[in-house]
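# Observations on the model geometry
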Amino acid sequence: MTSTWLEARDSTHSLEEVDTYRRHLFLGGLHGSGAQELHEVLLQHPQLAGLKSGDAHLLQGQDLQRVRVGDDYLGGAGAFALHPRIRQLASRPFTTPERDSMLADWRQHWGDDTTTETRWVEYSPCNLLRVRSLADAFPGAHQIVVVRHPLADAYVTRDEINEHDFPLCDLVEHWIAAHEIYQRDRLGVKNLTTIHAEDLADKPQELLDQITRLLGLDPFSFDSRSLRTLSAKEHLSRWSNE
């Protein structure tokens, strides 16, 4: 699998708008994709600020805003992309007041210890289904979506929700539905990067270096050991033995 890097300015927005939001990074991917692991590793970088609770626990942006329902409302891990009103409830365009309200909510959790070099990171699994609406609302912002082999994603998701009798075929069906929406919506979206979890497992520092360059950050040596666990081999072996 090869990760895809897309970077260009959307000519439908002014330079002022693009400059306003270029310091924002939106990260998405299904619950078992490896997006959460990438989120945690990226925030080791001193120029990246994540959403945190009072005890410094990392938080998902979907749980900290009042504008759009999160994936729990839509059925949660392994189900939200199959909700019959997913388009209306999750991925419809943001109005300007909605965008401003979300930013106001998030700013309370990004912290005050920032500089002119800080990039603000927001991670939610359902960002996978919002790449177009996020690009329209935050011109100039970067987006990264992590995609994992559907069987590996399904096994990890089933373990996460602690439902070991949950049929894998249903979780794979959810993976297909979510990525069909993503593949349609990503066309023409600027500053969008697709990264495969298997690439993160095989060459984590190389991809992390690409991300830091893409975001205009200083070089940084990450502790990327947790990304090595994103290989699909173990889960494909589980499948062959069932």
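Residues numbered from 1 in each chain as written. Predicted model: local features only at pLDDT ≥ 70, side-chain atom pairs only at ≥ 80, totals over all residues. Heavy atoms only, no water.

## Concerning the overall build of the protein
The helix and strand tally for the protein stands at 10 helices and six strands. When burial is assessed residue by residue, the protein has 54% of its 242 residues classed as buried. In the protein, 79% of the contacts between residues at least 6 apart in sequence involve partners at least 24 apart. (Helix = DSSP H or I, 4+ residues; strand = E, 2+ residues; numbered from the N terminus. Buried < 20%, exposed > 50% of the residue type's maximum accessible area, 1.4 Å probe, protein only. Contact = heavy atoms within 4.5 Å.)

## Here we look at the nonpolar core
Formed by 24 residues in total, the largest nonpolar core has its most connected members in Leu38, Leu42 and Leu200. Contributing elements (two or more residues each) for this core: β2 (24–28), α2 (35–42), β4 (119–123), β5 (142–147), α8 (197–202) and α9 (204–214). Looking at this core, the element that brings in the most residues is α2, giving four residues. Apart from the residues lying within four places of it in its own chain, the contact partners of Leu200 are Leu38, Val146, Ile195, Leu207, Leu227 and Leu230. Judged by nonpolar contacts, the second largest core, of 20 residues, contains Phe80, Ala90, Cys126 and Ala178. (Core = buried A, V, L, I, M, F, W, Y, C linked by side-chain atoms within 4.5 Å.)

## Here we look at the side chain of His45
Position of His45 among the secondary structure elements: in the loop between α2 and β3 (48–49). According to the relative accessible area criterion, His45 is buried, its value standing at 2%. A distance of 2.7 Å separates the side chain of His45 from the backbone oxygen of Asp218, its partner in a polar contact. (Polar contact = N/O pair within 3.5 Å; in protein donor to acceptor, adjacent residues only side chain to side chain.)

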